[in-house]
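Each chain is listed here by its residues.
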Amino acid sequence: MADILSFPRAPRPDRPQPSGPEPLWRHMLGDQLRRRRHDREETLTETAEKAGVSPQYLSEVERGLKEPSSEMIAAIAGALDTSLIELTSAVADELRSAAVPASAAVSVSAAVSRGAFALAA
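For the structure given in this document, a descriptive report is provided here. (Residues numbered from 1 in each chain as written. Predicted model: local features only at pLDDT ≥ 70, side-chain atom pairs only at ≥ 80, totals over all residues. Heavy atoms only, no water.)

On to helix H3 (residues 55-62). Among the residues of H3, those classed as buried are Leu58, Ser59, Val61 and Glu62. Considered in projection along H3, the buried side chains sweep an arc of 160° and stay on one side of the axis. Taken together, the buried residues of H3 touch helix H1 (25-39), helix H2 (44-51) and helix H4 (70-79). (Buried < 20%, exposed > 50% of the residue type's maximum accessible area, 1.4 Å probe, protein only. Helix = DSSP H or I, 4+ residues; strand = E, 2+ residues; numbered from the N terminus. Arc of directions from axis to C-beta. Contact = heavy atoms within 4.5 Å.)

Right under this line is the structure:
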């Protein structure tokens, strides 16, 4: 029969507290769109016209006030001469660097704090 051995618990390091709530996708998307539009030195009106949306709508998207559909995001991306995959990848990269994933905060320290068990044959 196998014995269950309990490993000693390691001291739990203090977890870094997040500086605030995790950023929202729509805010990061808006920042990325505005940055790309400014890099092209275009006005809201010029980009909105190319995308087939109103300048007011594009402004609200850039400020993170609207949750645009994938069709709208694709239209705005096209107006900025970028692809939907390039745009969403850039937003995802920014989200990764801006926030500590919840899984990383729990993975090792949770196992250590609960105690790890092993079966010995």
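Back to the text.
In terms of nonpolar packing, the biggest core is built from 15 residues, with Leu29, Leu33, Ala51, Val53, Leu58, Ile76 and Leu87 touching the most fellow members. Among the elements of the structure, H1, H2, H3, H4 and helix H5 (84-98) are those that each provide at least two residues to this core. A per-element tally of this core places H4 first, with 4 residues. Excluding residues that lie within four positions of it along the chain, Val53 makes contacts with Ala48, Leu58 and Met72. (Core = buried A, V, L, I, M, F, W, Y, C linked by side-chain atoms within 4.5 Å.)

Locating Glu42 in the fold gives a position in the loop between H1 and H2. A distance of 2.5 Å separates the side chain of Glu42 from the side chain of Thr47, its partner in a polar contact. Residues within four places of Glu42 in sequence aside, it is in contact with Arg37, Thr47, Lys50, Ala79 and Leu80. (Polar contact = N/O pair within 3.5 Å; in protein donor to acceptor, adjacent residues only side chain to side chain.)

Moving on to the environment of Thr45. Within the fold, Thr45 resides in helix H2. On the basis of relative accessibility, which here comes to 45%, the residue Thr45 falls in the partly exposed class. With 13 residues separating them along the chain, Thr45 and Leu58 place their C-alpha atoms 8.6 Å apart.

A few words now on the packing of H2 against H3. In a pair of packed helices, the angle between the axes and the distance between the axes together describe the arrangement. Where H2 meets H3, the closest approach of the two axes is 8 Å, and the angle between their N-to-C directions is 105°. As judged from the angle between their axes, H2 and H3 are roughly perpendicular. Residues Leu44, Thr45, Thr47 and Ala48 of H2 lie in contact with H3, whose contacting residues are Pro55, Leu58, Ser59 and Glu62. Its residues assigned to classes, the contact of H2 with H3 shows 4 nonpolar, 3 polar and 1 charged. (Axes fitted to C-alpha atoms, helices over the stretch in contact; angles between N-to-C directions. Parallel < 35°, antiparallel > 145°, perpendicular 65-115°, else oblique. Nonpolar A, V, L, I, M, F, W, Y, C, P; charged D, E, K, R; others polar.)

With that settled, the discussion passes to H5. For H5, built from 15 residues, the straight-helix expectation of 21 Å at 1.5 Å per residue is met to within 8% by its first-to-last C-alpha distance of 21 Å. The secondary structure elements touched by the buried residues of H5 are H1 and H4. (Expected span 1.5 Å × (residues − 1).)

Time to look at the packing of H2 against H4. Contact geometry for H2 and H4: axes closest at 8 Å, N-to-C directions at 120°. With respect to H4, the axis of H2 lies oblique. Read as a crossing pair, H2 and H4 show a hand that is right-handed. Side by side, H2 and H4 meet where Thr47, Lys50 and Ala51 of the first sit next to Ala75, Ile76 and Ala79 of the second. A class-by-class count of the residues in the contact of H2 with H4 yields 4 nonpolar, 1 polar and 1 charged. (Left-handed = near helix turned anticlockwise from the far one by under 90°.)

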